[in-house]
Amino acid sequence: MKTAALSIAVTILLSGPGVAQDVEEFHRRADEALQGFLLDFWRQDLGYLEHEHPGASGPTGYWTFAQGFDALLDGVERTDGKRYAGLIETFHAAQDARGWIVSHYDDEAWMALALIRAHDLTGEAKYLDRAVTLYADIESAWNETCCGSRPGGIWWDKAHTQKATASNAAPVILAARLHERTGNASQLEFARKVYDHWMEDMVNPSTFQVTDHIEPDGTKVFWRFSYNEGLMVGASVELYLATGEEAYLQNAHRFASFIAGSETKSSRFGSVLHDGTASQCGGDCHAFKGPAYRYLLLLQETSPRSTYAGLLSASTNAIWSLARSEDGLFGVDWTGPPPASSTEPQAAAAVMALNLNARFRGPFPGGFDPLLEAEEAAIRGVGLEATHGAFTGWGYVAGWNESGQSVTFAFVADAAGTHDLTFRHAGGAGGASRRISVNGSVVAANLAFPGTGSWESYAEVSLAADLRAGRNTIEVAFSAAAGSANWLNLDHLRVRSRRPIFLRGDANADGGMDLSDAITVLLHLFGGRPLECIAAADADGGGSLAITDAVVILDRIFRDAPALPPPYPECGAAPSPGPGCEAYAPCW
Ligand SMILES: [Ca+2]
Ligand SMILES: [Ca+2]
Ligand SMILES: [Ca+2]
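In this text, all values refer to a predicted model and were calculated from it rather than measured experimentally. (Residues numbered from 1 in each chain as written. Chains lettered and ligands numbered in written order. Predicted model: local features only at pLDDT ≥ 70, side-chain atom pairs only at ≥ 80, totals over all residues.)

Peer 1: Honestly, the overall build of the chain in this entry has me stumped. Any pointers?
Peer 2: Counting its regular elements, the chain contains 16 helices and 22 strands. Here the C-alpha atoms of the chain give a radius of gyration of 27 Å, agreeing with the 25 Å that 2.2 N^0.38 yields for 588 residues. A burial count over the chain gives 49% of its 588 residues as buried. Look at the contacts in the chain between residues 6 or more apart in sequence, and 68% of them connect residues 24 or more apart. (Helix = DSSP H or I, 4+ residues; strand = E, 2+ residues; numbered from the N terminus. Rg over C-alpha atoms; globule rule 2.2 N^0.38 Å. Buried ≥ 20, exposed ≤ 12 C-beta atoms within 10 Å, placed from the backbone. Contact = placed C-beta atoms within 7 Å.)

Peer 1: Explain the nonpolar core here, please?
Peer 2: Across soluble globular proteins, you tend to see nonpolar side chains buried next to one another. Of all hydrophobic cores here, the largest spans 141 residues; its most connected members are Ala112, Val172, Leu296, Ala350, Val351 and Val397. When residues of this core are assigned to domains, at least three map to each of domain 1 (2-361) and domain 2 (371-498). If we skip the residues at most four places from it in the chain, Leu296 touches Gly230, Val233, Ala256, Ile259, Tyr308, Leu311 and Leu312. (Core = buried A, V, L, I, M, F, W, Y, C linked by C-beta atoms within 7 Å. Domains from an automatic or database assignment.)

Peer 1: I keep staring at helix α8 (residues 185-202) and nothing clicks. Help me out?
Peer 2: Working note: α-helix, 3.6 residues per turn, so residues spaced by three or four point in the same direction. With 18 residues, α8 should cover 26 Å at 1.5 Å per step; its first-to-last C-alpha distance of 25 Å lies within 8% of that length. What α8 keeps buried is the set Gln187, Phe190, Ala191, Val194, Tyr195, Trp198 and Met202. Down the axis of α8, the smallest arc covering the buried residues is 125°, so these residues share one side. Those residues of α8 that are exposed and angled more than 90 degrees off the buried face are Ala185, Ser186, Glu189 and Glu200. For α8, the secondary structure elements touched by its buried residues are α6 (125-139), α7 (166-182), β5 (213-214) and α9 (226-243). (Expected span 1.5 Å × (residues − 1). Arc of directions from axis to C-beta.)

Peer 1: Mind showing me how you'd approach the pairing of strand β7 (residues 264-267) here?
Peer 2: Where a strand is regular, its side chains alternate between the two sheet faces. The pairing of β7 with strand β8 (residues 270-273) spans four bridges and is antiparallel. Note on β8: the bridge partner recorded for Lys265 is Val272. Taking the residues between adjacent antiparallel strands as the criterion, β7 and β8 are bridged by two residues. (Pairing = 2+ DSSP bridges.)

Peer 1: How do you make sense of α6 when you look at a structure like this?
Peer 2: Between its first and last C-alpha, α6 extends 21 Å over 15 residues, near the 21 Å set by a 1.5 Å rise per residue. All of the buried residues along α6 are Tyr127, Arg130, Ala131, Leu134, Tyr135 and Ile138. Summarising the axial view, the buried residues of α6 lie within an arc of 145°, below the 170-degree limit, and thus occupy one face. The exposed residues of α6 that point more than 90 degrees off its buried face are Ala125, Asp129 and Ala136.

Peer 1: Just checking my understanding: could you explain the packing of α9 against helix α10 (residues 246-262) for this structure?
Peer 2: Two quantities define a packed helix pair, namely the angle between the axes and the distance from one axis to the other. Interhelical geometry of α9 versus α10 gives an angle of 160° and a closest axis separation of 8 Å. Relative to α10, the element α9 lies roughly antiparallel. By crossing handedness, the relation of α9 to α10 is classed as left-handed. Residues Ser226, Glu229, Gly230, Met232, Val233, Ser236, Val237, Leu239, Tyr240 and Thr243 of α9 form the contact with α10, whose participating residues are Tyr248, Leu249, Asn251, Ala252, Phe255, Ala256, Phe258 and Ile259. Across the contact of α9 with α10, the residue classes tally to twelve nonpolar, five polar and one charged. (Axes fitted to C-alpha atoms, helices over the stretch in contact; angles between N-to-C directions. Parallel < 35°, antiparallel > 145°, perpendicular 65-115°, else oblique. Left-handed = near helix turned anticlockwise from the far one by under 90°. Nonpolar A, V, L, I, M, F, W, Y, C, P; charged D, E, K, R; others polar.)

Peer 1: Please explain unusual backbone geometry as it appears in this structure.
Peer 2: Negative phi characterises most residues that are not glycine, and trans characterises most peptide bonds. Going from Pro566 to Pro567, the amide bond is cis rather than trans, its omega being 0°. Looking at the element boundaries, Pro567 is found in the loop between α16 (547-559) and β22 (572-573). Geometrically, the link from Tyr568 to Pro569 is a cis peptide bond, its omega value of 0° lying close to zero. Tracing the backbone through its elements, the reader meets Pro569 in the loop between α16 and β22. We note that Ala509 has phi near 55°; this positive angle belongs to a residue other than glycine. For Ala509, the location among the structural elements is in the loop between β21 (501-502) and α14 (515-527).

Peer 1: What is the right way to read the sheet that holds β5 from this model?
Peer 2: Taken together, three strands build an open sheet; the order of strands is β4-β5-β6 and the sheet is antiparallel. At either margin of the open sheet sits one strand with a lone partner, and together these are β4 (163-164) and β6 (220-221).

Peer 1: Looking at this model, I keep getting lost on the domain arrangement of the chain. Mind explaining?
Peer 2: Often, the extent of an interface is quoted as the loss of accessible area upon association of its parts. As assigned here, the chain comprises domain 1 (2-361), domain 2 (371-498) and domain 3 (502-573). The gap between the C-alpha centroids of domain 1 and domain 2 is 35 Å. Between domain 1 and domain 2, the contact holds 13 residues from the first and 15 residues from the second. Contributing elements (two or more residues each) for the side of domain 1 that touches domain 2: α2 (23-41) and α4 (86-96).

Peer 1: Could you clarify how one ought to interpret the sheet that holds strand β19 (residues 470-477) in this entry?
Peer 2: By definition, the strands of a sheet pair up through backbone hydrogen bonds, in either a parallel or an antiparallel sense. Read across the open sheet, the five strands follow the order β11-β14-β19-β16-β17; overall the sheet is antiparallel. Each having just a single partner strand, β11 (378-380) and β17 (441-449) make up the two edges of the open sheet. For this sheet, the mean angle separating the axes of adjacent strands, direction not counted, is 20°. Bridge count for strand β16 (residues 432-438) against β17 is six bridges, and the pairing is antiparallel. Along β17, the bridge assignment pairs Ala432 with Phe449.

Peer 1: Help me understand the confidence of the model for the chain, please; the structure alone is not making it clear to me.
Peer 2: Here the chain averages 94 in pLDDT, and 96% of its residues register 70 or above. Of the regions scoring below 50 in pLDDT, residues 1-17 engages in one contact with residues more than four places distant in sequence or in other chains. (pLDDT = per-residue confidence, 0-100.)

Peer 1: Help me understand the environment of Tyr293 in this model?
Peer 2: Among the structural elements, Tyr293 can be located in helix α11 (residues 289-302). Given 28 C-beta atoms within 10 Å, Tyr293 falls into the buried group. When the C-alpha positions of Tyr293 and Phe37 are compared, they lie 18 Å apart, and in sequence the two are 256 residues distant.

Peer 1: Quick question: what am I supposed to make of the packing of α2 against helix α13 (residues 344-361) here?
Peer 2: At a minimum axis distance of 8 Å, the contact between α2 and α13 shows a crossing angle of 155°. Regarding the angle of α2 to α13, the classification is roughly antiparallel. Our pair here, α2 against α13, has a crossing hand that is left-handed. Here Val23, Phe26, His27, Arg29, Ala30, Ala33, Leu34, Phe37 and Phe41 of α2 come into contact with α13, specifically with Glu344, Ala347, Ala348, Ala350, Val351, Leu354, Asn355, Asn357, Ala358 and Arg361. Residues that form the contact of α2 with α13 fall into these classes: 13 nonpolar, three polar and three charged.

Here you go:
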């Protein structure tokens, strides 16, 4: 009875204000946090993330940019590529303009880890190629002449001032993940060598605290930062996944236990990851809980324990309810208080935790969205803004009046054919014009975007273009040579095939498929009820309507039969011309 009462009390306590109850709410928080991060920290004039907000502090550092990149990638992964994906190219181009090879090997490892994820999420080889290049630089920094009684390990920096957990454990994760993708056995071998060395010499065998770093004179420095053990958790899990050897997994649990026992602080939500208060945790420390959260979650997904579940859940609830300001800025100390200003690394740590948590809790609830938001496209030279008027999504692109500035949308067409491209814009400075290209070919050299009277007012401009089946790019560029003129804020692009698009099985055209759709098919067949979109009612995709179409719907709903032929379960055009579809509103 005592236990039952306690359990009820705990349930009530955990259901108090600020505790998110459902998957949809976790995703809403993750979206809001990431969108706020991008609006606050992406700086058009820098073409990079700024280090502090508010204020004019200049660009953030290379490794903290990599953390911001990871936070963006968490948003893309969480939404299954439905949102934010265009910005991957924007971040890549931003770093490309500043260079990839830097003075610190751990920094290169963070960047390479983000690039592998960019590759995984886009399928583009250039990201993986860049990660391999960075890995080669890191691998060359293995050294057996320093430090202390057991020389070995990877230098932290090119000046050879120390060897750090960050420059050894992160490369273990990197090498194991590269091996998984390339099949190159030497990468896994290197991962094991680095890991073994670090385990033997740098880990306290009873507590599983890991040194922060070792100096050339052999001094081991045991700073207590959650990312050190977090990286060791990640390295251990990756090697367990690569080899199946249980010892790695046991190590991961021991490092995680150290984090749970020694790098947390209590809050009303439970124990929360902690590297110190805002005054104790300065500089790079601002970022450390992000990777700790990431690799603890990886362990939880690999070998769950209630301790980690509680720590991960309490941390994100605390971030949201205790450490977030009214302006949406996140504090260093996740138990609060909220800050008046924020740095990019502390923001990225909170944003990635919220996005990782939401992905872990359940799939992104956002369904088919026919709007391609400009603020989520691959932007070049323009800025992100959310100030004027009733835009869609979470903003628009602005600051656009020079050659070289562009917005590139990606659109996957179900079938080749003519499509209407409709742009929503504001022209507060009068009429503007831009060059429009599809898949690299100019389709409108100087498309006019009429003035809208103010930046608060929006209008639409359309043109027709032929798209190919599969992925297409649609670029809107300022080109003085092509006649582009004047300022323009771009909100979104909507692409519509001139072929009807619909959701198969949705016979009554209400946007979903349920029992009423089977009934609609029967009423049409036997009662003569008209259909707006016969193609949607053709549930088996056979090209005609029959009682089997009602049966296919019922089987799918009640007996979990295989999915209907496309377009299903998302809107799209039929793969081949079929029965008519004069009007089907839900997909638009
Ligand atoms: Ca928008
Ligand atoms: Ca329906
Ligand atoms: Ca049929």
